[in-house]
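So the chains spell out like this:
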Amino acid sequence: MSMVTGSRLSARALLALAGELDAGSAAYEALAERIRLLIVDGRIPAGTRLPSERELAVEAGRSRTTIVAAYQSLRDTGHLVSQRGSGSRATLPGRAGALDAPRREVDFARAVPPPVDGLQEIVAEVSGRMLQALDGPGFDLLGNEALRRAIADRYTQRSVPTSPDQIVVTMGGQHAISLVAHTILSRSDTVLIESPTYPHAYEAFRRAGARLATTPVTVDGWDVDHLVETILRVRPAAAYLMPDFHNPTGASMAPAGRARVAEAARAVGTVLIVDETTADLTIDRDWDDGPFARHARGASPVSGSGVVTIGSLSKSVWGGLRLGWIRADGAIVRRVVQARPAGDLGTPQLEQLLGERIVRALPELLPHRRRLLGEHRTVMSDALARHLPQWRVPRPAGGLSMWVQLDRPGSSALTSLCEARGLALVAGPKFSVDGSLERFLRLPFTSPVADLDAGVQLLAESWEQLSARATHSTVDERLPQVV
Ligand SMILES: Cc1ncc(COP(=O)(O)O)c(C=O)c1O
């Protein structure tokens, strides 16, 4: 199923994305509501042509009137435009600003932690030296030498010898993923991703023209046999992995699994894109295997050392810095730098000055982050145990969120209902590429403590309302059979 902007979505693909609908509302409104969610969260990009009403009615086994009413509802809210002769296209209503920071009372959609304690002092201290950044152009494609050295030294200290020439400084981890995708992938290459995974990564791979294959991850971790077999059989150009505090499950890959995955990838020339944006976010994991790149051994003629690492200060320090990096072999670094100007002209020097001091201070800063995440995880777990005891709530050893299992499918319906009540969520299926995972919800515990409790209460009230509707409709459906 192609999701490139402007593409056409078949009725079958649309229904697969939509999943099971909320049984409580009128059928047309339930369908409209679900399509609206898919458009707003990007699984149906603006510009996508939706199937005709007739085609959708046949595929869904619904009356044409239901589909006509659903499309009309979408047009009324500005999510669809229909033109005679060219069908109906998804659109985004309202102001662009509304798409970015959802102005909800409580935000459980984004895993955005506050600035780490100790950052204020560093900003105050470095601001006196900022003037030196005004001497040159103030931005560059590769990254400031001092910052690259600080990043490289940290890898070296953690037993992965690294030179500054192996580092490209980027504007955050997402930028790094996108640059890597556009540099190392060719159109129609296969990229193996985890399911669930971090959605903006698969969006970047798709935008680079890749086809996606998946391997499962749960809160208990990877099926390493499946992952290794898939690498050996599919021989993907790249595999995108988050071995430490995987987003969204919070799982970490055991060291023995890492070695097997690295070995398989090397054997078939698959580049491992290892995202370590969340790797420093331990709460109480009692082991640390160091950077994944330590498993890269020897050079493959196709993929060099075979591991490209993504790093970022966004989660461990603060997202407002917009500082991340790529660690790769010199050849890949040169290709990234050569390809970069098509998208941006470099990272600002002011942030990089700050970045160097921050990277050197990470050993003192990270314990603060760890304490905050530990406290927030407890508040969130306690609130869920009180209000939603029927949900299966894991206790991740690190990271920013919990991958919660609901007692029945309904993540998208819950997301829509909570949205209307001022609680922003991302439905479980957004973390997969095939519309599954309706039984799951990612709950970040990065909001202020008071919001965590208020948000879980709202979740519980909304879930109760949906569950009551679902029970009702099951009874209604059974009635004709007993009469
Ligand atoms: C796994 C992962 N990688 C990358 C990013 C992007 O991070 P940044 O804010 O540094 O662009 C995120 C943000 O949520 C993430 O969770």
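Cut-offs used in this document
Residues numbered from 1 in each chain as written. Predicted model: local features only at pLDDT ≥ 70, side-chain atom pairs only at ≥ 80, totals over all residues. Heavy atoms only, no water. Helix = DSSP H or I, 4+ residues; strand = E, 2+ residues; numbered from the N terminus. Buried < 20%, exposed > 50% of the residue type's maximum accessible area, 1.4 Å probe, protein only. Contact = heavy atoms within 4.5 Å. Lys, Arg positive; Asp, Glu negative; His and termini not counted. Charge placed at Lys NZ, Arg CZ, Asp CG, Glu CD. Domains from an automatic or database assignment. Polar contact = N/O pair within 3.5 Å; in protein donor to acceptor, adjacent residues only side chain to side chain. Near = heavy atom within 4 Å. Areas by Shrake-Rupley, 256 points an atom, 1.4 Å probe, with all protein chains shown as cover. Nonpolar A, V, L, I, M, F, W, Y, C, P; charged D, E, K, R; others polar. Right-handed = clockwise from strand over helix to strand, strands pointing away. Pairing = 2+ DSSP bridges. Axes fitted to C-alpha atoms, helices over the stretch in contact; angles between N-to-C directions. Parallel < 35°, antiparallel > 145°, perpendicular 65-115°, else oblique. Left-handed = near helix turned anticlockwise from the far one by under 90°. Expected span 1.5 Å × (residues − 1). Bend = angle between axes of the 7 residues up to and from the residue. Core = buried A, V, L, I, M, F, W, Y, C linked by side-chain atoms within 4.5 Å.

S.K.: Quick question: what am I supposed to make of the overall build of the protein here?
M.R.: Counting its secondary structure elements, the protein contains 15 helices and 17 strands. For the protein, the C-alpha atoms occupy an extent of roughly 75 × 50 × 45 Å along the three principal directions. Counting all 483 residues of the protein, 53% fall into the buried class. Nonlocal contacts in the protein, meaning residues at least 24 apart in sequence, comprise 74% of its contacts between residues at least 6 apart. Measuring between centres, the 55 positive side-chain charges of the protein sit 5 Å from its 53 negative side-chain charges.

S.K.: Before we go on, may I ask you to explain the domain arrangement of the protein in this structure?
M.R.: Frequently, the measure chosen for interface size is the accessible area that the parts lose on association. Split into domains, the protein comes out as domain 1 (11–97), domain 2 (103–115 + 365–482) and domain 3 (119–363). With centres defined by C-alpha atoms, the gap from domain 1 to domain 3 works out at 37 Å.

S.K.: Please explain the side chain of Ser-88 as it appears in this structure.
M.R.: Within the element layout of this structure, Ser-88 appears in strand β3 (residues 87–90). Within polar-contact distance, the side chain of Ser-88 engages the side chain of Ser-82 at 2.8 Å.

S.K.: Sorry if this is basic, but what is going on with the site of the ligand here?
M.R.: Of all residues adjacent to the ligand, which total 13 residues, the nearest are Gly-173, Asn-247, Asp-275, Ser-312 and Ser-314. Within the backbone of Gly-173, a nitrogen or oxygen atom sits 2.7 Å from an oxygen atom of the ligand. Residue Gln-174 places a main-chain N or O atom 2.9 Å away from an oxygen atom belonging to the ligand. The fraction of the free accessible surface of the ligand (400 Å²) that becomes covered by protein chains is 91%. At three residues, helix α8 (residues 173–184) tops the list of elements feeding residues into the shell around the ligand. Looking at the shell around the ligand residue by residue, the class counts come to three nonpolar, seven polar and three charged.

S.K.: It is not clear to me how the pairing of strand β7 (residues 190–195) should be interpreted in this structure. Could you clarify?
M.R.: Here is the key point about a regular strand: its side chains alternate between the two faces of the sheet. Across the six residues that make up β7, a large majority, five, are buried. On the question of chirality, the crossover connecting β7 to the parallel strand β8 (residues 211–218) by way of helix α9 (residues 199–207) is right-handed. The pairing of β7 with strand β10 (residues 238–241) spans three bridges and is parallel. Pairing of Val-191 across the sheet is with Ala-238, part of β10.

S.K.: Would you mind going over the packing of helix α1 (residues 11–18) against helix α3 (residues 53–60) with me for this structure?
M.R.: Each pair of packed helices can be described by the angle between their axes along with the distance between the axes. At a minimum axis distance of 9 Å, the contact between α1 and α3 shows a crossing angle of 60°. With respect to each other, α1 and α3 are oriented oblique. Seen along the crossing, α1 lies across α3 with a hand that is right-handed. Residue-level contacts link Ala-11, Arg-12, Leu-14 and Leu-15 of α1 to Glu-55, Leu-56, Glu-59 and Ala-60 of α3.

S.K.: Sorry if this is basic, but what is going on with helix α13 (residues 349–387) here?
M.R.: Each full turn of the α-helix corresponds to 3.6 residues, which orients residues three or four apart in the same direction. For α13, spanning 39 residues, the distance from its first C-alpha to its last is only 47 Å, which falls clearly below the expected 57 Å at 1.5 Å a residue. Leu-362 marks where α13 bends most, by close to 70°; the proline Pro-363 follows one to four residues later.

S.K.: Sorry, what's going on with the side chain of Asp-41 here?
M.R.: Relative to the helices and strands, Asp-41 is located in the loop between α2 (27–40) and β1 (49–50). Overall, the relative accessible area of 17% leaves Asp-41 in the buried class. Looking at Asp-41, its side chain comes within polar contact range of the side chain of Arg-43, at 2.8 Å. Other than its neighbours up to four places away in sequence, Asp-41 contacts Glu-203 and Lys-430.

S.K.: Teacher, can you tell me more about the nonpolar core here?
M.R.: Judged by nonpolar contacts, the single largest core of 49 residues is most densely connected at Ile-151, Leu-227, Val-261, Leu-272, Leu-313, Val-317 and Ile-358. Ranked by the residues each element gives to this core, the list is headed by α13, at eight residues. When neighbours within four sequence positions are excluded, Val-261 is seen to be in contact with Val-224, Leu-227, Val-228, Ile-231, Leu-241, Met-253 and Leu-272. Ranked by size, the runner-up nonpolar core spans 32 residues in total, among them Val-404, Leu-417, Cys-418 and Leu-425.

S.K.: Explanation requested: the packing of α3 against helix α4 (residues 64–76) in the structure shown.
M.R.: Where α3 meets α4, the axes come as close as 8 Å, and the angle between the chain directions of the two elements is 125°. Here α3 lies oblique to α4, going by the angle between them. Remark: the crossing between α3 and α4 carries right-handed chirality. Here α3 contributes Glu-53, Arg-54, Leu-56 and Ala-57 to the contact with α4, which in turn contributes Arg-64, Ile-67, Val-68, Tyr-71 and Arg-75. Residue composition of the contact of α3 with α4, grouped by class: five nonpolar, no polar and four charged.

S.K.: Teacher, can you tell me more about the sheet that holds β7 here?
M.R.: Strand pairs in the sheet, formed through backbone hydrogen bonds, run parallel or antiparallel to each other. With mixed pairing, eight strands are arranged side by side in an open sheet as β6-β13-β12-β11-β10-β7-β8-β9. Each end of this open sheet is capped by a strand with a single partner; those strands are β6 (167–170) and β9 (221–222). Sheet topology places β7 next to β8; six bridges connect them, and they run parallel. Among the inter-strand pairings, Leu-192 is bridged to a residue of β8, identified as Ala-213. Each of β6, β12 (307–312) and β13 (324–327) is contacted by helix α7 (residues 145–157), which is oriented at about 120° to β6, the strand it contacts most.

S.K.: I keep staring at the sheet that holds β3 and nothing clicks. Help me out?
M.R.: What the three strands build is an open sheet, ordered β1-β3-β2; its pairing is antiparallel. Pairing within the sheet leaves two strands with one partner each, and these edge strands are β1 and β2 (80–83). As defined by bridge partners, β1 adjoins β3 across two bridges and the pair is classed as antiparallel. Following the sheet pairing, Leu-50 is matched in β3 by Ser-88. Each of β1, β2 and β3 is contacted by α4, which is oriented at about 110° to β2, the strand it contacts most.

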